[in-house]
Amino acid sequence: MFKLIIKNIWSRRKRNGWLLAELVIVTVLAWIILDPVIVRTYISQRSPGYDIERIARITMLAESKQSPRYDAEADTPEGRRDAARRIIDRIAAYSGVEMVAPVSRWAMFESQGSSWRSININDSTSINVSIVTFAAGSPFFELFGLKGVPGSPTASQLAEITYGPGEVVINESMARAFFPDGRATGHYLMENTPGFEGPSPDGDSFRVAGVVNDAVTRSIYGRNMIMYCSEPMDDMLSANCEYYNIVLRIKPGVNMASFINDFRPFMKSELKSGNLKAYDIKDLVSARDELDLTQGITNDMRIKIALAVFFLVNLCLGVIGTFYLQTRKRSEDAGVMRSFGATPRYIMREMLGEGWVLTTLAWLVGCLAYMQYAIKEGLEVTGSVTGWGPKLAAFMPDWTDNFFLHFSIVSLIIYVILMIVVSVGIYIPARRIIRVSPVDALRDE
């Protein structure tokens with residue numbers, strides 16, 4: 001049958017040449033449209049590395065000095081600290097809460113702000129590191145579901161450490177970037193840097209107290225290196241509440257939506273102390289989605305997906321229509337084959353085979369054409385911030401960084417789409433013409 005397919009394609013080479021050109025153009029356009037959408041969708045759907053589904057964030061608010069409920073005596077570092085501790089204790093005692101901890105409002109997971117620092121790995125390479133601030137002595141790592149890697153203290157043990165100046169916890173990829181074997185606990189980040197002479201008085205040499213699994217501070221980043229810096233809990237709670245939030249983790253089996261619905265009345269009536277009160281509670285998934293929406297990330301993704309769907313639907317309908325019309329004109333061919341004893345099943349396979357061969361050839365040409373552009377300009381990559389992807393790729397590799405793997409995956413997706421579209425365009429009319437009797441099909445011959 002393959003020889004017959006090639007013979008039929010060649011005998012209609014002028015007509016098939018236009019079909020081939022159309023499929024090549026569709027392949028190139030599909031690459032332009034689909035590559036960023038596939039990568040962005042992959043980033044948004046991958047795990048953030050911590051237990052985001054079971055975490056809720058409580059926003060704290062302080063009474064205004066003009067409010068009749070304002071207590072001037074409580075507006076001291078000690079008063080704010082004690083008030084915050086009472087609120088935290090009440091949250092911890094609430095049914096359904098597994099653990100609770102204060103966290104930085106800005107240098108934290110899925111927060112509006114962010115903190116970054118450039119750190120030298122050696123005399124020629126530096127990386128951008130995300131800073132996450134946690135309260136020393138709190139169950140921060142256990143609450144977020146972060147786990148200590150082999151050779152490092154566990155999440156619960158990290159809560160018991162008394163952190164000194166410059167002592168930090170880092171993620172696994174950062175440990176491997178500075179130490180090839182990944183065993184960073186007890187070492188100084190800068191000890192492999194030329195001129196290192198031991199710990200510095202200001203703590204900038206960074207002694208590693210522990211290493212935890214990789215996570216991302218913002219889901220849209222896809223990946224980033226993180227350095228967890230401690231702050232004394234009393235210092236965090238003594239500051240104005242605009243500086244910190246309180247996060248809680250619900251117990252396994254507790255429904256987050258039901259928990260928040262039941263928690264709100266308790267929050268309004270019970271979570272008040274001194275000048276502090278709990279203002280709002282959101283599960284972290286909703287907080288993330290709301291932040292993406294306010295920063296235009298959600299709309300940008302929706303526009304990209306909408307454009308991709310619009311163009312792909314139109315391109316696919318165009319291809320289906322072209323093959324539909326071409327196949328309908330072949331009723332005489334089907335009649336001739338039927339008169340020579342060919343079965344409807346055989347004719348269907350032969351027509352689909354012609355379409356598949358043309359599609360495969362056009363797909364190869366289109367992918368090779370786009371590859372020339374991709375080699376020069378690059379493919380869509382996963383990165384924390386625009387321009388950082390190539391730097392991170394050396395230490396946190398992903399399939400999007402491997403050119404041939406990335407190119408192969410997206411090409412395969414495009415190939416499957418083209419094969420489905422062409423098959424539909426051939427199968428629908430072919431199913432009708434192969435059922436026509438040879439006499440009817442050849443009546444006009």
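Scroll up to find the structure this text is about.
Figured I'd write up the structure that's included with this text.

Reading the values: the criteria
Residues numbered from 1 in each chain as written. Predicted model: local features only at pLDDT ≥ 70, side-chain atom pairs only at ≥ 80, totals over all residues. Heavy atoms only, no water. Helix = DSSP H or I, 4+ residues; strand = E, 2+ residues; numbered from the N terminus. Buried < 20%, exposed > 50% of the residue type's maximum accessible area, 1.4 Å probe, protein only. Contact = heavy atoms within 4.5 Å. Areas by Shrake-Rupley, 256 points an atom, 1.4 Å probe, with all protein chains shown as cover. Expected span 1.5 Å × (residues − 1). Arc of directions from axis to C-beta. Pairing = 2+ DSSP bridges. 1 Å grid on protein atoms, 1.4 Å probe; cavity = no way out; pocket = protein on both sides within 12 Å on 5 of 7 lines; lining within 4 Å. Points joined across faces, edges and corners; volume = space filled by probe spheres on them. Nonpolar A, V, L, I, M, F, W, Y, C, P; charged D, E, K, R; others polar. Core = buried A, V, L, I, M, F, W, Y, C linked by side-chain atoms within 4.5 Å. Axes fitted to C-alpha atoms, helices over the stretch in contact; angles between N-to-C directions. Parallel < 35°, antiparallel > 145°, perpendicular 65-115°, else oblique. Left-handed = near helix turned anticlockwise from the far one by under 90°. Polar contact = N/O pair within 3.5 Å; in protein donor to acceptor, adjacent residues only side chain to side chain.

Here we come to the overall build of the protein chain. The helix and strand tally for the protein chain stands at 15 helices and 10 strands. Residues counted as buried form 48% of the 445 residues belonging to the protein chain. Contacts in the protein chain between residues at least 24 apart in sequence constitute 80% of all its contacts with a sequence separation of at least 6. Surface summary for the protein chain: the accessible area is close to 22300 Å², and the carbon and sulfur share equals 57%.

With that settled, consider helix α3 (residues 77–93). Taking 1.5 Å per residue, 17 residues should reach 24 Å; α3 reaches 25 Å between its end C-alpha atoms and fits that length. Among all positions in α3, only Gly79, Arg80, Ala83, Ala84, Ile87, Ile88 and Ile91 are buried. The arc that holds the buried residues of α3, viewed along the axis, is 165°, so those residues lie on one side. Looking at α3, the residues exposed on the side facing more than 90 degrees away from the buried face are Asp89 and Ala93.

A few words on unusual backbone geometry. Positioned with a positive phi, glutamate 110 is a non-glycine residue whose angle comes to about 50°. With relative accessibility at 1%, the residue glutamate 110 sits in the buried group.

Once that is clear, we can look at the pairing of strand β8 (residues 244–250). Most of β8 is tucked away, with 7 of its 7 residues classed as buried. Side-chain alternation along β8 places Tyr244, Ile246, Leu248 and Ile250 on one buried face and Asn245, Val247 and Arg249 on a second face that is also buried. Pairing of strand β2 (residues 97–104) with β8, which is carried by 7 bridges, proceeds in the antiparallel orientation. Pairing of valine 97 across the sheet is with isoleucine 250, part of β8.

The next point concerns empty space enclosed by the protein. Applying the stated rule across the entire model yields 3 cavities of 30 Å³ or more. Computed from the structure, the second largest cavity encloses a volume of approximately 70 Å³. Contributing to the lining of the second largest cavity are Val26, Ala30, Leu34, Leu312, Cys316, Val319, Ile414, Ile417, Leu418 and Val421. Of all the elements in the fold, those that place two or more residues in the lining of the second largest cavity are α2 (13–45), α10 (297–328) and α14 (403–433). It is α14 that provides the largest number of residues to the lining of the second largest cavity, a total of 4 residues. Residues belonging to the lining of the second largest cavity are distributed by class as follows: 10 nonpolar, no polar and no charged.

Of all hydrophobic cores here, the largest spans 40 residues; its most connected members are Trp31, Val319, Phe323, Phe407, Ile414 and Ile426. Here this core takes 11 residues from helix α12 (residues 344–377), the largest share from any one element. Counting 30 residues, the second largest nonpolar core, distinct from the first, contains Cys241, Ile250, Met256 and Leu271.

Any two packed helices are characterised by how steeply their axes cross, that is the angle between the axes, and by the distance between the axes. Between α12 and α14, the least distance of the axes is 9 Å, while the angle of their chain directions is 150°. Judged by the inter-axis angle, α12 sits roughly antiparallel to α14. Regarding α12 and α14, the two cross each other, and that crossing is right-handed. Here the residues of the contact of α12 with α14 are counted per class, giving 22 nonpolar, 5 polar and 1 charged.

The topology assignment puts aspartate 292 in helix α9 (residues 284–294). Separated by 2.5 Å, the side chains of aspartate 292 and arginine 218 make a polar contact. Not counting residues up to four positions away in its chain, the partners in contact with aspartate 292 are Arg218, Ile220, Ile297 and Thr298.

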